[in-house]
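# Structural overview for review
The chain contents come next:
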Amino acid sequence: MSNKRLVIGDVHGHYDALSGLFENIAPDQNDEIYFLGDLIDRGPQSSQVVEFVMKNNYNCILGNHEIMLLDALGKGQLNHQAFQGWLQNGGNATVMSYGHKMPPLEHIEWMKNLPLYFDLDNYWLVHAGVDPSLPLLQQSADEFCWIRREFHGSVTPFFQNKTIIIGHTITFTFNGLKPGQLAKGNGWIGIDTGVYHHEQGWLTALDLNDSMVYQVNSFGKNFRKMPLDKAVNSIDTRKLFGRQKVLF
């Protein structure tokens, strides 16, 4: 059997779903594991998710929810305005997961050192996307961790020889996509299937080597496996979002 290159979408504190995913996939030490950021917030077990990824030395990139935590806590003193904004966007659940305390310095320092992307030759992993109007070297966390419409609506692939894999935007918010489906745009695939959302609940892993999709539902704990071409649906760049609210 060939080794796996697994890319895992936004976990958002759902350690039980992540555990279920790993139990069913059963990756070994020769497999490569990549997380797309947003390990924390909204779900009840952020501290366990961070500890799991750190302990196993898995690859992980920076997400916008890690940025919100770092803006609030990462400069040696509490930024009250940023802290309130973080709490209102799921940070309260993270604080509760640490026993109603701030995350330990070890976890904060680890988040500070997360890269913004991974270049895997034929695939390029980033949390949110890229700004199609800017050269790559002129972009920063503002684009890589937060961008939406400009990237999703681009009619030309950013890379000619790479597929971008993203999280950040829950796939069912795209017009015409059903819960659990992956989103396909021009030169990119979105795999954030809304593990915390009551209308979605799926946590997704994509094996880049054999184009296989693995999913666990955080509510029913159901597991399913399917080829990528059965799991993905192309979006209409003329009418991106079918939902009134795009969740951060």
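So, a few notes on the structure that sits alongside this text.

The way to describe two aromatic rings as a pair is by their centre distance and the angle between their planes. Throughout the structure, instances matching the rule amount to 16 aromatic pairs. Their ring planes at 25° and their centres at 4.5 Å tell us that Tyr 117 and Trp 124 sit as a pair that is stacked. Taking 5.2 Å as the distance between ring centres and 20° as the angle between the ring planes, the aromatic pair formed by Phe 174 and Phe 241 counts as stacked. Pair noted here: Phe 174 is in the loop between strand S6 (163-166) and strand S7 (182-185) and Phe 241 is in the segment after strand S12 (232-234), with a separation of 67 residues, a long-range link. The buried category is assigned to Phe 174, whose relative accessible area is 2%. Since its relative accessible area comes to 10%, Phe 241 is described here as buried. Ring pairing ties together the aromatic residues Tyr 15, Phe 22, Phe 35, Phe 52 and Tyr 58, which thus form one cluster. Its guanidinium or amino end placed over the ring of Trp 202, Arg 224 lies 3.8 Å from that ring's centre, counting from NZ or CZ.

So, about the sheet that holds strand S9 (residues 202-207). Strand order across the open sheet formed by six strands is S3-S2-S1-S9-S10-S11, with mixed pairing between neighbours. Each edge of the open sheet carries a strand with a single partner, namely strand S3 (59-60) and strand S11 (223-227). Here six bridges tie S9 to strand S10 (residues 212-217), and the two strands are oriented antiparallel to one another. Paired with Leu 203 across the two strands is Val 216, which belongs to S10. Packed onto the sheet, helix H1 (residues 15-25) meets strand S1 (5-8), strand S2 (32-35), S9, S10 and S11 and runs at close to 135° relative to S10.

Definitions and limits used
- Residues numbered from 1 in each chain as written.
- Predicted model: local features only at pLDDT ≥ 70, side-chain atom pairs only at ≥ 80, totals over all residues.
- Heavy atoms only, no water.
- Phe/Tyr/Trp six-rings, centres within 6.5 Å; stacked < 30°, edge-to-face > 60°.
- Helix = DSSP H or I, 4+ residues; strand = E, 2+ residues; numbered from the N terminus.
- Buried < 20%, exposed > 50% of the residue type's maximum accessible area, 1.4 Å probe, protein only.
- Lys NZ or Arg CZ within 6 Å of the ring centre and 35° of its normal.
- Pairing = 2+ DSSP bridges.
- Contact = heavy atoms within 4.5 Å.
- Axes fitted to C-alpha atoms, helices over the stretch in contact; angles between N-to-C directions.

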